[in-house]
Amino acid sequence: MVDKESTLFQDAIMLNLQKIVNFFGYLMAYFRRHNPLQAFVNQIVSMIKDYLTMNRKLKMAKYRVNYQMYKLNQMEQLIAENNEHVFLRGNKLNIQR
């Protein structure tokens, strides 16, 4: 009986040990494929690049907003010139002079 129990115990230990070895094998394969440290470093580098180029991006956004406002003002002025309203007639006369 003791031999049977010891062999069952040894089989259970070997089975659990094999499961642990398989787990570490899968873990190493995952780290080789996905490499979370490299992904973390890449993310940090991209954040630093974004931080350093923030002023340039802000200038470009301001330029785009100003250009759109300029186009909107031009369009509003054209619409106002073509409308026959009393408060715009003076502006029309000044443009014709």
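Residues numbered from 1 in each chain as written. Predicted model: local features only at pLDDT ≥ 70, side-chain atom pairs only at ≥ 80, totals over all residues. Heavy atoms only, no water.

On the surface, a nonpolar cluster with roughly 920 Å² of combined accessible area is contributed by F40, V41, I44, V45, M47, I48, Y51, L52 and M54. Element by element, the count of residues in the nonpolar patch is highest for helix α2 (residues 36–52), at eight residues. Secondary-structure assignment places Y51 in helix α2. Overall, the relative accessible area of 61% leaves Y51 in the exposed class. (Patch = residues over 30% accessible without salt bridge, like charges linked within 9 Å, V, L, I, M, F, W, Y side chains within 5 Å. Areas by Shrake-Rupley, 256 points an atom, 1.4 Å probe, with all protein chains shown as cover. Salt bridge = Lys/Arg side-chain N within 4 Å of Asp/Glu carboxyl O. Helix = DSSP H or I, 4+ residues; strand = E, 2+ residues; numbered from the N terminus. Buried < 20%, exposed > 50% of the residue type's maximum accessible area, 1.4 Å probe, protein only.)

The next subject is the confidence of the model for the chain. Per-residue confidence for the chain gives a mean pLDDT of 85, with 84% of residues at or over 70. For the chain, per-element mean pLDDT is lowest for helix α4 (residues 89–96), which scores 54, and highest for α2, which scores 93. (pLDDT = per-residue confidence, 0-100.)

With that settled, the discussion passes to unusual backbone geometry. For residues that are not glycine, phi is negative in most cases, and the peptide bond is trans in most cases. Within the chain, N35 stands out as a residue other than glycine whose phi angle is a positive 45°. Among the secondary structure elements, N35 is positioned in the loop between α1 (2–34) and α2.

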